[in-house]
Amino acid sequence: MDNAAQARRFLEEGPLDGPDDGRRPTLPEDEVDGAGEGARAGERPAGDENALLDGCRRGDVAAFERLYSLHGERMKSVARNLLGRDSDAEDAVQETFLKVYRGAASFRGGAALSTWMYRILINNCYDSLRRRQRRSEEPIEPPERPDAAPAASVAAEDHPLRLAIEQSLEKIAPRQRTVFLLSAVEGFSHREIAQVLDVSEGASRTLLFEAKRRLQELLGPRAAGQGSA
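Calculation rules
- The written sequence of each chain sets the order in which its residues are numbered from 1.
- Two thresholds apply to this predicted model, a pLDDT of at least 70 for residue-level local features and 80 or more for giving and counting side-chain atom pairs, whereas whole-chain, interface and lining totals are computed over all residues.
- To get the side-chain values, take all heavy atoms of the structure and skip hydrogens and water.
- Secondary structure elements are defined from DSSP: runs of H or I of at least 4 residues count as helices, runs of E of at least 2 residues count as strands, and each element is numbered from the N terminus.
- Any two residues whose heavy atoms approach within 4.5 Å are treated as being in contact.
- We define a salt bridge as a side-chain nitrogen of Lys or Arg found within 4 Å of a carboxyl oxygen belonging to Asp or Glu.
- A 1.4 Å probe rolled over the protein chains alone gives each residue an accessible area, and that area as a share of the maximum for its type sets the label: buried under 20%, exposed over 50%, partly exposed in between.
- Helix axes are fitted only over the stretch in contact, all axes being lines through C-alpha atoms; the angle between N-to-C directions runs from 0 to 180 degrees.
- When describing relative orientation, an angle under 35 degrees is termed roughly parallel and one over 145 degrees roughly antiparallel, while 65 to 115 degrees is termed roughly perpendicular and anything else oblique.
- Three categories are distinguished: nonpolar for Ala, Val, Leu, Ile, Met, Phe, Trp, Tyr, Cys and Pro, charged for Asp, Glu, Lys and Arg, and polar for the others, with Gly belonging to the last.
- Between the first and last residue of a helix there are one fewer steps than residues, each counted as 1.5 Å, and that sum is the expected span.
- Stacked, edge-to-face and tilted labels apply to pairs of Phe, Tyr and Trp rings (six-membered ring for Trp) whose centres lie within 6.5 Å, assigned for plane angles under 30 degrees, over 60, and everything in between, in that order.
- N or O atoms within 3.5 Å of each other form a polar contact, as long as, within protein, one can give a hydrogen and the other can take it, and as long as residues adjacent in sequence are counted only when both atoms are side-chain atoms.
- Scored between 0 and 100, pLDDT is the confidence that the predictor attaches to each residue.

Draft legend 1. Structural view of the overall build of the protein. In terms of regular secondary structure, the protein is built from 9 helices and 0 strands. Written out in order from the N terminus, the α and β elements of the protein read α-α-α-α-α-α-α-α-α. By sequence separation, contacts in the protein at least 24 residues apart represent 80% of the contacts at least 6 residues apart.

This is the structure:
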């Protein structure tokens, strides 16, 4: 299922859930060494992460290769959804692992290793978007795909709706879009999102609620599957 189809399915699941609280977090703008305990962003046992962190601190190449094998593909997917371009996603992930390599020795361990890595990745994506805006580039493009033809299981009349969803995602606030994509497309839990973005779970739910409401406003009847024009 493509990202737009996942987003549409999420929007059609039923009435909006109310937010847990009204707090509006300020997402981290700079690279953060970590805050919050026990993140599950990579869903790895703490013992495994501690061993990998020890290896990274020693400069063990095998430990970095193991980190990449565990997280690389999912990190590329997250970056691709946030940036819309495969090339930019590759650059963001490469920069993330470079920062992990350089910073592992001084990482204080206040957060799980995977939390720290995904937080760096998100900040790299924000930096990339800011650079793009400064260069006055085109709006974020839909993710590039090697299989450009629509999947056979997707009806032809769905194509305008898929485009509308992708375009609508570009129009919502960046922090709302981030939480929506992490939750609806990437399958992160609110606990994972909260720990990666260093916000409360209630704030994560609030941002998702706002994103879903805004998308439904932008899509109108199409959000409820009542048309695709």
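Draft legend 2. Expanded view of the pattern of salt bridges. Taken as a whole and judged by the stated rule, the model has 8 salt bridges. Among the ionic pairs, Lys99 bridges to Glu95, the shortest N-O distance being 3.5 Å. Of this pair, Lys99 and Glu95 are both found in helix H4 (residues 86-103), 4 residues apart, which corresponds to roughly one turn of the helix. For Lys99, a relative accessible area of 23% gives the class partly exposed. Residues Arg214 and Glu217 are paired through a salt bridge, measuring 3.3 Å at the closest nitrogen-oxygen approach. Taken together, the positions of Arg214 and Glu217, both in helix H9 (residues 201-219) and 3 residues apart, correspond to about one turn of that helix. A cluster of three or more residues bridged by salt bridges with shared partners is formed by Glu73, Lys76 and Glu90.

Draft legend 3. Structural view of the packing of helix H7 (residues 174-185) against H9. Packing of H7 against H9 leaves a shortest axis separation of 8 Å and a crossing angle of 95 degrees. Taken together, the axis directions place H7 and H9 in an arrangement best described as roughly perpendicular. Contacts between H7 and H9 involve Arg175, Gln176, Val179, Phe180 and Ser183 from the first element and Ser204, Leu207, Leu208, Glu210, Ala211, Arg214 and Leu215 from the second. Taken together, the residues of the contact of H7 with H9 sort by class into 6 nonpolar, 3 polar and 3 charged.

Draft legend 4. Molecular detail of unusual backbone geometry. A positive phi angle, near 60 degrees, is found at Asp198, a position not held by glycine. The class of Asp198 is partly exposed, set by a relative accessible area of 38%.

Draft legend 5. Just H9, in detail. When the terminal C-alpha atoms of H9 are compared, their 27 Å separation across 19 residues agrees well with the 27 Å that a helix rising 1.5 Å per residue should span. Within two residues after H9, Gly220 carries a phi angle of roughly 65 degrees, on the positive side.

Draft legend 6. Representation of the packing of aromatic side chains. In total, this model carries 4 aromatic pairs according to the counting rule given. Considering the side-chain rings of Tyr118 and Phe188, the 5.7 Å spacing of their centres and the 75 degrees angle between planes classify their relative orientation as edge-to-face. Placement of the pair is Tyr118 in helix H5 (residues 113-134) and Phe188 in the loop between H7 and helix H8 (190-197), with a sequence separation of 70 residues. Given the relative accessible area of 2%, Tyr118 is considered buried.

Draft legend 7. Layout of the environment of Glu192. Structurally, Glu192 is set in helix H8. As for Glu192 and Thr115, which are separated by 77 residues in sequence, their C-alpha atoms are 8.1 Å apart. Engagement of the side chain of Glu192 in a polar contact is seen with the backbone nitrogen of Ser189, the distance being 2.8 Å.

Draft legend 8. The arrangement of H8 in detail. Most of H8 is tucked away, with 7 of its 8 residues classed as buried. Looking only at H8, the buried set comprises His190, Glu192, Ile193, Ala194, Gln195, Val196 and Leu197. Tucked into the core, H8 has its buried residues touching H5, H7 and H9.

Draft legend 9. Layout of the confidence of the model for the protein. Chain-level pLDDT for the protein is 74 on average; 65% of the residues reach the 70-or-more range. H4 holds the highest mean pLDDT among the elements of the protein, 93, whereas helix H1 (residues 3-11) holds the lowest, 57. Scored below 50 in pLDDT, residues 14-44 makes 87 contacts in the model with residues more than four places away or belonging to other chains. For residues 142-157, every residue scores under 50 in pLDDT, and the model assigns this stretch 16 contacts once sequence neighbours within four places are set aside.

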